[in-house]
Amino acid sequence: MATKMTKASPAAPAVEIDRSRDITQPLEKLAPEERLKFHSDYLAGTIADDLVDEITLAVDENNNKLMKFHGIYQQDDRDLRDERRQQKLEPLYAFMLRGRMPGGVCTPEQWLKIDELGREHGNEQFRLTTRQTFQFHYLNRNALREVMVGLRDVGLDSKAACGDVARTVMSGVHPGLSKLHKQVYEQARIASDHVIHRTSAYEEIWFGEKPAQPRGEQEEPFYGKQYMPRKFKIGFAIPPSNDIDIYSQDLGFVAIASRGRLKGFNVVIGGGMGRTDRAPETYPRLGDVIGFIEVDQLVPTLDAVMGVQRDYGDRVTRSHARFKYTIDDKGLDFVKGDIERRLGFALAPAKRFAFTSNGDQLGWTTGDDGLEHCTLFVENGRIINRGEHRLMDGLREVARTGTCVFRLTPNQSVIVSDVAPADRPTIEAILAEHGIGTAPAKGRSALRLNSMACVAMPTCGLAMAESERYLPDLITRIEALLETHGLSEEPITIRMTGCPNGCARPYIAEIALTGRAPGKYNLYLGGGFHGQRLNKMVRENVGEDVILAVLDETLGRYAAEREPDERFGDFVIRAGIAPEVTAGRNFND
Ligand code: SRM
Ligand code: SF4
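These numbers were taken from a predicted model, which means no experiment stands behind them.

(A) Fine view of the site of ligand 1. Surrounding ligand 1, one finds 29 residues, the nearest of these being Thr-129, His-137, Thr-459, Cys-503 and Arg-505. Gln-75 places a polar side-chain atom, nitrogen or oxygen, 2.9 Å from an oxygen atom of ligand 1. When contributions to the shell around ligand 1 are tallied by element, the ones reaching two or more residues are β1 (72-76), β2 (93-98) and β5 (134-139). Grouping the constituent residues of the shell around ligand 1 by class yields nine nonpolar, twelve polar and eight charged.

Here it is in structure tokens:
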């Protein structure tokens with residue numbers, strides 16, 4: 001990334017970004033990860049050596065941490081962990097690989113390659129994530145290079161899908177919902193290309209390409225040797241859809257338009273979901289809207305905002321290293337002032353905008369340009385064949401027609417988009433043949449259609465409870481309650497995670513469950529329907545019986561006492577069932 005400002009107001013001269021802070025602190029006082037990054041030869045480590053180690057199928061601890069910057073996590077099958085320990089076998093190591101897919105846009109050719117690699121190396125499946133990209137699980141270490149090469153061949157990579165860098169950039173997804181979609185997506189791509197790390201270690205390790213020159217200062221003009229203090233997340237929202245959950249991003253851009261033309265963005269900073277149980281110094285936080293920028297100010301704004309976090313973020317305590325804590329420690333005014341100092345101009349006042357939902361618009365819709373788009377509900381993002389529901393096969397057949405674009409949604413679903421009307425019958429027939437319904441509500445409650453669960457067991461090393469494998473069954477039980485109370489068609493958001501890290505952005509759902517231990521969850525209620533308000537914990541560390549009892553009572557009261565058009569989350573707050581945590585950031589008012 002460039003460090004020079006590209007636009008300066010006459011009043012405030014542009015300044016060079018001060019990159020000295022991260023390197024003047026004595027390394028030995030910083031978190032071990034800072035030393036690791038510093039000495040890693042720009043993320044190369046000794047990963048290449050580990051890939052051919054014949055004694056184990058694992059990689060060493062440091063390389064495991066560095067591989068995250070290459071989009072790869074070492075995991076082990078937790079279902080088999082105890083059994084293998086008893087048999088004195090090493091854990092069944094396997095790797096998760098996450099691709100980078102700005103705005104979730106995927107060509108049919110790319111989909112076919114992802115499908116092929118998932119079948120061959122990923123246990124005949126792959127996973128769509130809450131940040132509009134794809135993951136393979138169960139990869140053998142020896143297959144990693146082949147998978148990387150396969151992705152490269154179709155123009156994909158896994159750069160910075162994980163690690164202390166700017167992650168895959170999200171963007172409002174549905175092309176049929178807004179004329180702005182294309183314009184905003186172009187900006188999201190520019191942002192993604194701009195913030196990506198540059199290190200040649202990626203090409204060297206995975207493709208055997210020798211770097212043109214030894215890696216040195218020029219390698220990472222923005223990041224330097226220590227990269228960011230922690231992950232950094234960027235997203236673009238297109239009102240009225242808040243599908244990307246703008247208030248959960250470290251840096252968000254809300255598209256502002258006039259007569260169908262993109263004028264610029266409101267800038268939102270400091271969102272984040274993760275917390276740790278029994279550590280009150282960690283907390284989810286909603287982003288703050290700090291002002292408005294014009295389109296051509298986007299790149300300097302990325303540099304300025306990320307520069308503040310790079311230079312002031314906590315490099316000692318990793319659990320306190322996200323941008324949200326930097327903002328709360330330094331104060332929003334200080335951070336905004338420093339962003340403006342780096343920009344060389346003051347941000348304009350934020351413009352008005354209004355969100356109505358953070359869910360997906362399911363089923364077929366027709367865009368202004370006549371193209372058709374079908375959003376398919378993919379329960380918790382798993383692309384797999386299950387009995388009659390041959391989702392993986394069906395989508396492969398759709399891709400083979402070459403007549404659509406695939407768009408991954410922030411709610412782990414997929415849009416078969418940009419279909420010419422003449423091609424729609426073929427696609428509908430393929431989907432029907434594979435048991436893939438396109439009528440969203442068929443046999444499913446509105447609650448299920450607004451649900452998300454993180455991966456959790458058996459692959460996630462941090463999971464304390466089930467999530468993806470459990471939420472569908474729990475919803476079936478809640479559906480019985482909804483039916484009793486006449487609420488089956490009421491859209492209510494529900495999100496579950498297997499630990500408090502918040503990968504399904506649970507703390508802004510109307511109902512949320514975060515795992516504490518096998519079968520035990522914290523229950524939260526009262527988030528905002530369009531992602532504008534945090535929810536509140538109403539029960540701690542409880543099992544299914546308590547969860548269902550609380551929901552039965554609360555849903556019953558909602559059915560009986562709600563005001564016209566009142567959302568479940570809003571009712572929960574008004575009725576005092578969960579106290580309001582944070583003032584709503586609803587710019588509708
Ligand atoms: Fe996440 C760590 C999965 C979105 C907050 N997340 C993990 C790891 C890599 C576990 C680990 O560190 O060993 C999980 C891998 C599980 C597996 O087996 O695949 C994991 N996170 C996911 C995904 C796949 C969940 C999903 O079901 O879709 C999402 C991948 C998104 C992507 O494509 O990049 C995913 N994670 C999120 C989100 C949502 C978002 O970004 O919009 C969050 C909350 C937002 C935020 O960051 O504040 C999130 N993940 C975390 C955290 C807590 C970070 C924090 O600073 O608070 C961790 C743990 C950590 O980083 O130490 C984590
Ligand atoms: Fe794993 Fe926790 Fe993220 Fe779920 S929320 S994927 S359990 S880290």
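Further notes follow.
(B) Spatial organisation of unusual backbone geometry. Across the junction of Pro-239 and Pro-240, the peptide omega takes the value 10°, indicating a cis bond. Along the polypeptide, Pro-240 turns up in the loop between β7 (234-237) and β8 (251-258). Residue Pro-458 is bonded to the preceding Met-457 through a cis peptide linkage, with omega at 0°. Take Pro-458: it is sitting in the loop between β18 (451-453) and α16 (471-484). For Asp-41, which is not glycine, the phi dihedral falls at a positive 55°. Overall, the relative accessible area of 36% leaves Asp-41 in the partly exposed class.

(C) Main features of the packing of helix α10 (residues 298-312) against helix α12 (residues 332-343). Contact pair α10 / α12: the axes reach a minimum separation of 9 Å and the direction vectors enclose 125°. With respect to α12, the element α10 is oriented oblique. In this structure, the crossing between α10 and α12 has a hand that is right-handed. Contact with α10, carried on its side by Pro-300, Thr-301, Ala-304, Val-305, Gly-307, Val-308, Arg-310, Asp-311 and Tyr-312, involves Phe-334, Val-335, Asp-338, Ile-339, Arg-342 and Leu-343 of α12 and no other residues of that element. Class assignment of the residues belonging to the contact of α10 with α12 gives a composition of nine nonpolar, two polar and four charged.

(D) Region of the structure containing the packing of helix α11 (residues 323-330) against α12. Packing of α11 against α12 brings their axes to within 6 Å, and their N-to-C directions diverge by 110°. Between α11 and α12, the angle falls in the class roughly perpendicular. Residues Phe-323, Thr-326, Ile-327 and Lys-330 of α11 pack against Leu-332, Phe-334 and Val-335 of α12. Within the contact of α11 with α12, the residues separate by chemical class into five nonpolar, one polar and one charged.

(E) A look at the domain arrangement of the protein chain. Once the domains are mapped, the protein chain shows domain 1 (363-433) and domain 2 (446-574). One C-alpha centre belongs to domain 1, the other to domain 2, and the line joining them spans 28 Å. In this complex, domain 1 contributes seven residues to the contact, which on the side of domain 2 involves eleven residues. On the domain 1 side of the interface with domain 2, the three residues burying the most area are Phe-377, Glu-379 and Asn-380, jointly 58% of the side's total. At the surface where domain 1 touches domain 2, the tally comes to two salt bridges.

Criteria and cut-off values
- Residues numbered from 1 in each chain as written.
- Chains lettered and ligands numbered in written order.
- Predicted model: local features only at pLDDT ≥ 70, side-chain atom pairs only at ≥ 80, totals over all residues.
- Heavy atoms only, no water.
- Near = heavy atom within 4 Å.
- Polar contact = N/O pair within 3.5 Å; in protein donor to acceptor, adjacent residues only side chain to side chain.
- Helix = DSSP H or I, 4+ residues; strand = E, 2+ residues; numbered from the N terminus.
- Nonpolar A, V, L, I, M, F, W, Y, C, P; charged D, E, K, R; others polar.
- Buried < 20%, exposed > 50% of the residue type's maximum accessible area, 1.4 Å probe, protein only.
- Axes fitted to C-alpha atoms, helices over the stretch in contact; angles between N-to-C directions.
- Parallel < 35°, antiparallel > 145°, perpendicular 65-115°, else oblique.
- Left-handed = near helix turned anticlockwise from the far one by under 90°.
- Contact = heavy atoms within 4.5 Å.
- Domains from an automatic or database assignment.
- Buried area = accessible area lost by both parts, 1.4 Å probe.
- Salt bridge = Lys/Arg side-chain N within 4 Å of Asp/Glu carboxyl O.

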